[in-house]
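Structure at a glance
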Amino acid sequence: PVDPEPVTPPEPYEPTITELQSSKKQEISQACEQAIYSGVSVTLADGSVEHFALTEHDQLNLFGKQVQLAAGAEQLEYHSDGQPCKYYSAADMQLIVKRAMWHVSYHTTYCNSLNMWVAGSETAEELQQIFYGADVPDQYQSEVLKAYLLQIEAMAGDDVDA
């Protein structure tokens, strides 16, 4: 019998940097969406704290409340997570909308800067350092993210949740 030729195992597939960047951007995008959708807790005028999810549907509903506020509505119907619909004062609704808009804008801006970092990465090792929640190196921070980070720092100094 003839000995079969030795079989050389195939080389493991090494993804290109472009493929790794694409995968990392998808991972960051999903984490950003989850962070936004998880929503915000808002301290209302009476001192109570209510939580509001911010799925795209919730965002549309809440941001639509701005039209009612602009029209001078004194009471606006809405609901916090898992609660029945109730009326909120114009002042409370303004707090809820402002906090929600800040949350969505911050996470969108942060995600954008992470994506700039991903795009600027040249090695798989560098990409492995990037994750949602990482501090973005200064050269990849947009002017807008820098402004948000200063706001967060100022709020932390006031013992207010960012």
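Since this is a predicted model, take the numbers as computed values, not measurements.

As a further point, take the overall build of the chain. In terms of regular secondary structure, the chain is built from five helices and four strands. Along the chain direction, N to C, the helices and strands of the chain fall in the order α-β-β-α-β-β-α-α-α. For the chain, whose C-alpha radius of gyration is 23 Å, the value lies well above the compact-globule estimate of 15 Å for 162 residues. With the principal axes as the frame, the chain shows a C-alpha extent of 90 × 40 × 25 Å. When burial is assessed residue by residue, the chain has 32% of its 162 residues classed as buried. In the chain, the proportion of contacts linking residues at least 24 apart, taken out of those at least 6 apart, comes to 54%. Carbon together with sulfur atoms contributes 54% to the accessible area of the chain, which is approximately 10,600 Å² in total. Distance between charge centroids for the chain: 10 Å, based on 7 positive and 25 negative side chains.

Next up on the list: the state of the cysteines. In total, this model carries zero disulfides according to the counting rule given. Residue Cys32 stays outside any disulfide, its sulfur separated by 4.0 Å from that of Cys111, the closest cysteine. Residue Cys32 is classed as buried on the basis of its relative accessible area, which comes to 7%.

This next bit is on the nonpolar core. Judged by nonpolar contacts, the single largest core of 34 residues is most densely connected at Leu62, Met93 and Ile96. Among the secondary structure elements, those contributing two or more residues to this core are α1 (17-38), β1 (40-43), α2 (56-70), β3 (75-78), α3 (90-120) and α5 (143-157). Broken down by element, the residue count for this core peaks at 13 residues, all from α3. Leave out the neighbours within four places in its chain, and Ile96 touches Val42, Leu44, Phe52, Leu62 and Tyr88.

On average, the chain scores 93 in pLDDT, and the residues at 70 or more come to 96%. Within the chain, α1 carries the highest mean pLDDT (98), whereas α5 carries the lowest (93).

By the element assignment, Asp92 lies in helix α3. Lys86 provides the closest opposite charge to the buried, unpaired Asp92, separated from it by 7.0 Å. Not counting residues within four places of it along the chain, the set of residues in contact with Asp92 comprises Leu44 and Ala45.

In this section: the environment of Glu56. Looking at the secondary structure, you find Glu56 in helix α2. By relative accessible area, which is 51% here, Glu56 ends up exposed.

Moving on, we get to the pattern of salt bridges. Side chains that carry opposite charge are capable of pairing whenever their charged atoms lie near each other. Applying the stated criterion across every chain yields a total of four salt bridges. Notably, a salt bridge pairs Lys86 with Glu50, separated by 2.7 Å at the nearest N-O pair. Residue Lys86 is located in strand β4 (residues 86-89), and its partner Glu50 is located in strand β2 (residues 49-52); the two are separated by 36 residues in the primary sequence. According to the relative accessible area criterion, Lys86 is partly exposed, its value standing at 38%.

Turning to the packing of α2 against α3, a few remarks are in order. Packing of α2 against α3 brings their axes to within 10 Å, and their N-to-C directions diverge by 135 degrees. Considering their axes alone, α2 and α3 lie oblique with respect to each other. As α2 packs across α3, the resulting crossing turns out to be left-handed. Across the interface between the two elements, Gln59, Leu62, Phe63, Lys65, Gln66 and Leu69 of α2 pack against Ala90, Met93, Gln94, Ile96, Val97, Ala100, Met101 and Val104 of α3. Its residues placed into classes, the contact of α2 with α3 shows ten nonpolar, three polar and one charged.

The rules behind the values
- Within each chain, residues carry numbers counting from 1 in the order of the written sequence.
- Local features in a predicted model are, by the rule used here, given only for residues with pLDDT of at least 70; side-chain atom pairs are given and counted only at 80 or more, and totals for whole chains, interfaces and linings are based on all residues.
- Water and hydrogen atoms play no part in the side-chain values, which are based on all heavy atoms of the structure.
- Counting from the N terminus, the helices are the DSSP runs of H or I reaching at least four residues and the strands are the DSSP runs of E reaching at least two.
- For a compact globule the rule gives 2.2 Å times the number of residues to the power 0.38, and the radius of gyration it is set against comes from C-alpha atoms.
- Buried, partly exposed and exposed residues are distinguished by accessible area as a fraction of the type maximum, computed with a 1.4 Å probe on protein chains only: under 20%, between the cut-offs, and over 50%, respectively.
- Throughout, a residue-residue contact means that at least one pair of heavy atoms, one from each residue, lies within 4.5 Å.
- Here the Shrake-Rupley method, with its probe set to 1.4 Å, supplies the accessible areas, and only the displayed protein chains count as covering residues.
- Charge assignment in this entry is limited to Lys and Arg as positive and Asp and Glu as negative, and neither His nor the chain termini are counted.
- Where a charge lies is defined by one atom per residue type, namely NZ (Lys), CZ (Arg), CG (Asp) and CD (Glu).
- Throughout, disulfides are identified as pairs of cysteine sulfur atoms within 2.5 Å of each other.
- Take the buried residues of types Ala, Val, Leu, Ile, Met, Phe, Trp, Tyr and Cys, join any two whose side-chain atoms come within 4.5 Å, and each joined set is a nonpolar core.
- Known as pLDDT, the predictor's confidence for each residue is given on a scale from 0 to 100.
- For this document, the term salt bridge refers to a Lys or Arg side-chain nitrogen within 4 Å of an Asp or Glu carboxyl oxygen.
- Note on definitions: angles span 0 to 180 degrees between N-to-C directions of axes, and those axes are lines fitted to C-alpha atoms, for helices only across the stretch in contact.
- Here roughly perpendicular refers to angles of 65 to 115 degrees, roughly parallel to angles under 35, roughly antiparallel to angles over 145, and oblique to all remaining angles.
- Handedness of each helix crossing follows the sense of rotation of the near helix against the far helix: counterclockwise by less than a right angle gives left-handed, clockwise gives right-handed.
- Note on residue categories: nonpolar means Ala, Val, Leu, Ile, Met, Phe, Trp, Tyr, Cys or Pro, charged means Asp, Glu, Lys or Arg, and polar means any other residue, Gly included.

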